[in-house]
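Remarks on the overall topology
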Amino acid sequence: MKVFKFGGASISNYERIQNVAAIVRDHEGEPLLIVISAMGKITNALEKVVDAFFEERKEDAFHLFQKVKEHHLTQLKYLVTAQWEKATNELQIIFNEVESLLEQSPVKEYNYYYDQVVSTGELLSSTLLSFYLNEQHLSNQWMDVRNLIHTDSNFRDAKIDWEFSTYSIRETLLPILDNKKFVVTQGFIGRTADNQTTTLGREGSDYTAAVFAKILHAESVTIWKDVEGVMNADPREFDHAVVLHHLSYKEVIEMSYYGAQVIHPKTIKPLQNEKIPLYVKSFLDPDLPGTIINQKYSANLPPMMVYKRNQVLITLQSLDYSFVEGQPVNVLHTILDEIKIKPNLTQNTAISLLICVDDITEKIDEIAIQATEFFDVQIQRNLTLITIRHYTPEMIAEMVSGQQIILEQKTIETIQMVVIEN
Ligand code: ADP
Ligand code: ASP
Ligand code: MG
């Protein structure tokens, strides 16, 4: 069996959903599991709903949610006629759950509400797609992934309970897939053992697809994108980016670790463990070869670039000129763990620790407050972190041209530079 994952861009409106049907039609009669994200930018829209709810701006929350509802209902009208009433009722059940939550006042933690509301993006999009495929005689079974993937209760970054999920996925899906029926389900979400909805982290649908593939021993996973494949840089940032037709798992895990936004970093491990190839293909032109990612070493790679904008450099200097090793380093890591922030780059000098992190204002303020007890803290904002794997002197020169480098770190394969944003 194969796993296809369609991201937000590939299902952003009814025409794109029709395009998905055209892609999967070529696989009729094959066992195929379709994992999908929320439509277009719906996840961002739902985040705004949660924010309004949590800040007790009830009217805003309802108004923002109304827009999400309208988007789905409008697309549905273009897609489904015979089953329109049934489909509308299914969407309405999901809308009602959110609206009854929005009626309440927040009494639990933000992350809990986030998961209850934001998860509905995937439930709505998958319902739309499933009805449309059925109407196009592409027989499929819609599955609520929350009955298949169980997690812990670490809301917004839930960890998968592999034992439960393996059992329930195999028990439930193998008979359906053996019957050559498509299965349509959601990426990104799961459920705790006590039935609370969870999410796996932003952009987590790629990871869901990989989890299913590992558990079901899939022959491959295909991620359908609005680009021709994985490129050596984000084409929005770098206008002469080129498609890489083959990459090793190692190369992709490294690229995504450094912040390449093309595949979720957690996706590779489950696939690598089972040696399942990952294809990245264009939903706009499915005949193009795209990228294949597998175990084989990728030779002769060109320089690969990743930009991370909106960075902050925090310099922590010991108060009494003692060396920063052992205890102070542990203190810093405890602070970062508590605040849930992951450094994008760290460096030590004799008496200073330097960390480059995403500029999330509240978190930076919190680090500064907690760290001043142990260090002299300095903060520099408006920076970009540039990473180049397989760097060449020419590419370094091109990437930093006219910009001031304030920190640099180099290994044989990778150079990272923090520059002041122009
Ligand atoms: P999805 O619809 O699956 O959520 P995303 O928008 O998350 O898709 O990812 C697709 C986008 O990723 C592309 O439009 C492209 O701008 C960006 N991107 C970033 N880095 C790369 C890269 N190295 N190769 C290809 N695309 C990249
Ligand atoms: N819809 C979720 C997000 O936008 C998950 C995903 O697309 O992978 O983060
Ligand atoms: Mg995405």
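Our subject is the structure that appears above.
This write-up is about the structure you can find in this document. (Residues numbered from 1 in each chain as written. Chains lettered and ligands numbered in written order. Predicted model: local features only at pLDDT ≥ 70, side-chain atom pairs only at ≥ 80, totals over all residues. Heavy atoms only, no water.)

Looking at the pattern of salt bridges
Tallying each qualifying case throughout the model produces 18 salt bridges. Across the pair Lys-5 and Asp-206 runs a salt bridge, and its minimum N-O distance is 2.7 Å. One end of the pair, Lys-5, is in strand β1 (residues 2-6); the other, Asp-206, is in helix α8 (residues 205-216), and 201 residues separate them in sequence. Across the pair, Asp-206 and Lys-5 agree in class, each one buried. Among the ionic pairs, Asp-144 bridges to Arg-146, the shortest N-O distance being 2.8 Å. The burial state of Asp-144 is the same as that of Arg-146; both residues are buried. A network of salt bridges, in which partner residues are shared, links Lys-250, Glu-251, Glu-254, Arg-389 and Glu-413. (Salt bridge = Lys/Arg side-chain N within 4 Å of Asp/Glu carboxyl O. Helix = DSSP H or I, 4+ residues; strand = E, 2+ residues; numbered from the N terminus. Buried < 20%, exposed > 50% of the residue type's maximum accessible area, 1.4 Å probe, protein only.)

Focus: the packing of helix α2 (residues 42-54) against helix α5 (residues 110-118)
In contact at an axis separation of 9 Å, α2 and α5 are set at 135° when each is read in the N-to-C sense. Of the possible angle classes, the one that applies to α2 and α5 is oblique. Both α2 and α5 take part in a crossing whose hand is right-handed. Of α5, the residues touching α2 (which contributes Thr-43, Leu-46, Glu-47, Val-49, Val-50, Asp-51, Phe-53 and Phe-54) are Tyr-110, Tyr-113, Tyr-114, Val-117 and Val-118. Residue composition of the contact of α2 with α5, grouped by class: 10 nonpolar, one polar and two charged. (Axes fitted to C-alpha atoms, helices over the stretch in contact; angles between N-to-C directions. Parallel < 35°, antiparallel > 145°, perpendicular 65-115°, else oblique. Left-handed = near helix turned anticlockwise from the far one by under 90°. Contact = heavy atoms within 4.5 Å. Nonpolar A, V, L, I, M, F, W, Y, C, P; charged D, E, K, R; others polar.)

Concerning the packing of aromatic side chains
In this structure the tally under the stated criterion is 13 aromatic pairs. Between Phe-4 and Phe-6, the ring centres sit 6.3 Å apart and the planes meet at 80°, which makes this aromatic pair edge-to-face. Grouping residues by exposure puts Phe-4 and Phe-6 together as buried. Both rings, one in Tyr-14 and one in Tyr-78, keep their centres 4.0 Å apart while their planes meet at 10°; by these two values the pair is stacked. (Phe/Tyr/Trp six-rings, centres within 6.5 Å; stacked < 30°, edge-to-face > 60°.)

Digging into the packing of α2 against helix α3 (residues 58-79)
Taken N-terminus to C-terminus, the directions of α2 and α3 make an angle of 155°; their axes are 8 Å apart at the nearest point. One element, α2, and the other, α3, form an angle in the roughly antiparallel class. In this structure, the crossing between α2 and α3 has a hand that is left-handed. On the side of α2, the interface is formed by Ile-42, Ala-45, Leu-46, Lys-48, Val-49, Ala-52 and Phe-53, while α3 contributes Asp-60, Ala-61, Leu-64, Phe-65, Val-68, His-71 and His-72. Of the residues in the contact of α2 with α3, the class split is 10 nonpolar, two polar and two charged.

Focus: the site of ligand 2
Every residue lining ligand 2 is accounted for by Ser-37, Ala-38, Thr-43, Glu-122, Phe-188, Arg-202, Glu-203, Gly-204 and Ser-205. Here an oxygen atom of ligand 2 sits 2.5 Å away from a polar atom, N or O, in the side chain of Arg-202. In the model, an oxygen atom of ligand 2 is placed 3.3 Å from a nitrogen or oxygen of the Gly-204 main chain. Here the residues of the shell around ligand 2 are counted per class, giving two nonpolar, four polar and three charged. (Near = heavy atom within 4 Å. Polar contact = N/O pair within 3.5 Å; in protein donor to acceptor, adjacent residues only side chain to side chain.)

A look at the layout of surface pockets
In this approach, a probe sized like a water molecule rolls over the atoms, and the result shows the empty space that is left. The computed volume of the second largest pocket comes to approximately 510 Å³. Taken together, 25 residues form the lining of the second largest pocket, with Ile-93, Ile-94, Glu-97, Leu-123 and Arg-146 sitting closest to its centre. Listing elements by their share of the lining of the second largest pocket, those giving two or more residues are α4 (84-103), α5 and α6 (120-135). In terms of residues, the lining of the second largest pocket owes the most to one element, α4, which gives eight residues. Of the residues that constitute the lining of the second largest pocket, the class distribution is nine nonpolar, 10 polar and six charged. (1 Å grid on protein atoms, 1.4 Å probe; cavity = no way out; pocket = protein on both sides within 12 Å on 5 of 7 lines; lining within 4 Å. Points joined across faces, edges and corners; volume = space filled by probe spheres on them.)

Describing the pairing of strand β10 (residues 278-282)
Counting buried positions along β10 yields four of five residues, so the element is predominantly enclosed. In this structure, strand β8 (residues 220-225) lies alongside β10, joined through five bridges in parallel fashion. Each bridged residue has a counterpart across the sheet, and for Trp-224 the counterpart in β10 is Lys-281. When β10 meets strand β11 (residues 291-294), the two strands line up antiparallel, connected through three bridges. Paired with Val-280 across the bridge in β11 is Thr-291. (Pairing = 2+ DSSP bridges.)

Looking at the site of ligand 1
Taken together, 17 residues lie near ligand 1, and Ala-9, Asp-226, Met-231, Asp-234 and Arg-236 sit nearest. For ligand 1, an oxygen atom lies 3.0 Å from a polar atom in the side chain of Lys-225. One of the backbone nitrogen or oxygen atoms of Met-231 is found 2.9 Å away from a nitrogen atom of ligand 1. For ligand 1, the protein covers 89% of the area, taking 580 Å² as the surface of the free molecule. Residue classes in the shell around ligand 1 are distributed as eight nonpolar, three polar and six charged. (Areas by Shrake-Rupley, 256 points an atom, 1.4 Å probe, with all protein chains shown as cover.)

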